[in-house]
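As a plain string of letters, each chain reads:
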Amino acid sequence: METLLSLQLTISLLIAAGFILKRSGITGPQGQKNITDMVIYVILPCNILKAFMTGTSTAALSSYLGIFLISLAIQAFCVVYGKLVFRKEPEGIRQCLEYGIICSNAGFLGNPLAEGIYGAQGLVLASIYLIPQRVMMWSFGIAVFSGTKDMKKTLVKVISHPCILACGAGLFLMLTGLELPAALTGTVTALGNCNTAMSMMVIGMILEEMNLREFRDRTVLIYTVHRLVVIPGITALICHLLPVREMVYGVSVLLAAMPAGATTSILAEKYGMEPAFATKMVIFSTLASLPTICIWGMILPH
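Residues numbered from 1 in each chain as written. Predicted model: local features only at pLDDT ≥ 70, side-chain atom pairs only at ≥ 80, totals over all residues. Heavy atoms only, no water.

Peer 1: Go over the packing of helix H3 (residues 61–85) against helix H12 (residues 246–256) with me, naming the residues and quoting the values.
Peer 2: Contact pair H3 / H12: the axes reach a minimum separation of 10 Å and the direction vectors enclose 30 degrees. Of the possible angle classes, the one that applies to H3 and H12 is roughly parallel. Crossing of H3 over H12 shows right-handed handedness. In this structure, H3 contributes Ser-63, Ile-67 and Ile-70 to the contact, and H12 contributes Val-248, Val-251 and Ser-252. Class assignment of the residues belonging to the contact of H3 with H12 gives a composition of four nonpolar, two polar and no charged. (Axes fitted to C-alpha atoms, helices over the stretch in contact; angles between N-to-C directions. Helix = DSSP H or I, 4+ residues; strand = E, 2+ residues; numbered from the N terminus. Parallel < 35°, antiparallel > 145°, perpendicular 65-115°, else oblique. Left-handed = near helix turned anticlockwise from the far one by under 90°. Contact = heavy atoms within 4.5 Å. Nonpolar A, V, L, I, M, F, W, Y, C, P; charged D, E, K, R; others polar.)

Peer 1: Account for the nonpolar core, with residues named and values stated.
Peer 2: Generally speaking, nonpolar side chains in soluble globular proteins are found buried as a group. The biggest cluster of nonpolar side chains holds 84 residues, and the ones touching the most others in it are Leu-254 and Leu-255. No other element matches helix H5 (residues 106–138), which puts 15 residues into this core. (Core = buried A, V, L, I, M, F, W, Y, C linked by side-chain atoms within 4.5 Å. Buried < 20%, exposed > 50% of the residue type's maximum accessible area, 1.4 Å probe, protein only.)

Peer 1: Which residues make up the side chain of Ser-289, and what values go with them?
Peer 2: Looking at the element boundaries, Ser-289 is found in helix H14 (residues 275–299). Of the residues examined, Ser-289 reaches a relative accessible area of 0% and is grouped as buried. With sequence-adjacent residues up to four places away left out, Ser-289 is seen in contact with Leu-109, Leu-228 and Pro-259.

What follows is the structure, encoded as structure tokens:
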């Protein structure tokens, strides 16, 4: 409990630092975008690779397969769940809600939390959990907004994603026992260690844009309850019934409890599907996730 509360306080202070940087004008919109890109394309892949390099070897393969299958099941469930729960919502808003149920912010927010609570092995499990979600993000997720699928583009996006490449490289190094040169290992480790701080500060910059008076929306509140409470609750029930290891259980539920991903707003803007509503979803659910993630962290096995 003490460790979890300390982690939550650290994360809250890092978010506050990002908030202050944005509010004070030290970091503007372009700076925020640059930092976000740096995290996604450099820091997070290095963090994933570092976790694989320090993780256990073939003894954990059953856990990797288990969490991969759980993630596949969750993605399939979310596709059906979003369509059923939000089927009566108007055009545009419905697409945002369906996408927000399928694609959470697990990659950006979930990875540092999984690492903070469960260590390097937790980050490895989180990285594998995210593979099916990233496939869905660039396939069915795009189809929700555009109405079409391009499997060739989807395959290219998934395979070339830096985090997927880092997973592949990490698995190869872990299973073969090969080691990177000391200088390269030090570089990967140094960059990877920046992940939690940089990721949480970006979250703080996003929250700085929030005007509470503009976020009184019953539909957004309902979505947030489904995203942060109902879906992880169902995931916890399923994992409890399955013969999975405690860490697989914990990481699966933790990542299922993440808020809407920022790509919800980006795609809504691109396809003209209520981008203002999508932004409400992202920011409000992110703010609401701060206490709910703490609660889930206390409930889950460590």
